[in-house]
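Residue-level listing of the chains:
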Amino acid sequence: MPEEEKLVNYYSCSYWKGKVPRQGWVYLSINHLCFYSFLMGREAKLVIRWVDITQLEKNATLLFPDMIKVSTRSSEHFFSVFLNISETFKLMEQLANIAMRQLLDNEGFEQDRSLPKLKKKSPKKVSALKRDLDARAKSERYRALFRLPKDEKLDGHTDCTLWTPFNKMHILGQMFVSTNYICFTSKEENLCSLIIPLREVTIVEKADSSSVLPSPLSISTKNRMTFLFANLKDRDFLVQRISDFLQQTTSKIYLEKNISGSSISSDDEV
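Residues numbered from 1 in each chain as written. Predicted model: local features only at pLDDT ≥ 70, side-chain atom pairs only at ≥ 80, totals over all residues. Heavy atoms only, no water.

Looking at an unreviewed UniProt entry, one finds the protein chain named TBCD9 protein, with Pelecanoides urinatrix as its source organism.

Draft legend 1. Summary view of the environment of Lys 150. Considering the arrangement of structural elements, one finds Lys 150 in the loop between α2 (126-146) and β8 (154-164). Spatially, the C-alpha atoms of Lys 150 and Glu 140 are 8.0 Å apart, while their sequence positions differ by 10 residues. (Helix = DSSP H or I, 4+ residues; strand = E, 2+ residues; numbered from the N terminus.)

Draft legend 2. How the structure looks around the pairing of β8. Of the pairings in the sheet, the one linking β8 to strand β9 (residues 169-178) comprises 10 bridges and is antiparallel in character. Its bridge partner lying in β9, Leu 154 is registered against Ser 178. Taken together, β8 and the strand that follows it, β9, pair antiparallel across an intervening segment of four residues, in which Lys 168 is found at a positive phi of about 50°. Looking at chain direction, β8 and strand β14 (residues 226-230) are connected through two bridges and run antiparallel. Paired with Thr 161 across the two strands is Ala 230, which belongs to β14. (Pairing = 2+ DSSP bridges.)

Draft legend 3. Structural detail: the pattern of salt bridges. Taken as a whole and judged by the stated rule, the model has nine salt bridges. For Asp 52, the salt bridge identified is with Arg 49, shortest N-O distance 3.1 Å. The exposure class assigned to Asp 52 is partly exposed, which follows from its relative accessible area of 25%. Assessed through its relative accessible area of 36%, Arg 49 is described here as partly exposed. Ionic pairing is found between Glu 76 and Lys 69, a salt bridge with its closest N-O pair at 3.2 Å. A residue is classified by how much of its surface remains accessible, and Lys 69, at 15% relative accessible area, is buried. Bridged by salt links that share partners, the residues Arg 49, Asp 52 and Arg 73 form one connected network. (Salt bridge = Lys/Arg side-chain N within 4 Å of Asp/Glu carboxyl O. Buried < 20%, exposed > 50% of the residue type's maximum accessible area, 1.4 Å probe, protein only.)

Draft legend 4. Structural view of the sheet that holds strand β13 (residues 217-221). Strand order in the open sheet formed by seven strands is β11-β10-β9-β8-β14-β13-β12, and the pairing between neighbours is antiparallel. Of all the strands in the sheet, just β11 (193-197) and β12 (201-206) have a single pairing partner and so form its edges. Neighbouring strand axes in the sheet, compared pairwise and without regard to direction, differ in orientation by 30° on average. Sheet analysis places β13 next to β14, joined by four bridges and oriented antiparallel. By the bridge assignment, Leu 217 is partnered in β14 with Phe 229. (Axes fitted to C-alpha atoms, helices over the stretch in contact; angles between N-to-C directions.)

Draft legend 5. Spotlight on the nonpolar core. Counting 30 residues, the largest nonpolar core has Val 26, Leu 28, Leu 33, Trp 50 and Phe 79 as its most contacted members. Only β1 (7-17), β2 (20-29), β3 (32-39), β4 (42-49), β5 (53-59), β6 (67-72), α1 (85-105) and α2 provide two or more residues apiece to this core. Within the second largest apolar cluster, 23 residues are counted, among which are Cys 160, Ile 171, Leu 198 and Leu 246. (Core = buried A, V, L, I, M, F, W, Y, C linked by side-chain atoms within 4.5 Å.)

Listed below in structure tokens is the structure:
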């Protein structure tokens, strides 16, 4: 492997070479899936680039209920006897998807810029790099769910309720907070979805708690709309995070106005 190749995680498993299983370790890195085994003087080694994989399948048979099949254009490879097959398969899918997007988005095999860069003398721990990949996957699902710009990164999400005037109900769902947006989606599919750009937000304030509305939070926008959330577990921390992002957004707008020399009013801007 090249020096800059980053290992994400590795798992104990068996690789089926022909009809004989070889017990060893599968190594999942940013650009490759590898397997290595050395038992009773016999070595088995496999290196596959993610971009060469055409299909990943999690199969279940009577003999092996936990088998992963990796297909390339020219061959098929079978792995079994995993301690946690779901975690392994999920990470394989993540890395294969990243490789495919790099192939489609970039000329050549340029490394993904949103992944953390490592210094050669201070390698990042495997668990930390895996957390980075998991965070990236969550951001991708968040962007897809609300159709947000591809550089938007999810900061966090929490369970809550949203008061909906159209049916006078407190709808159970999740609030998502990112650099430029506050979003909400209901637990019940397609019942309610909300996107509030932070550049439109004027006031974020905590309201008085009651038995009907525990830990409420109201968010007002420039067009005089107010959204009322409640049942927030860590309201103080959430308000602080939103305030931090609002401050950044205000600074960006101010900078954009200064650069363009524009004197547009806030109403025209909306």
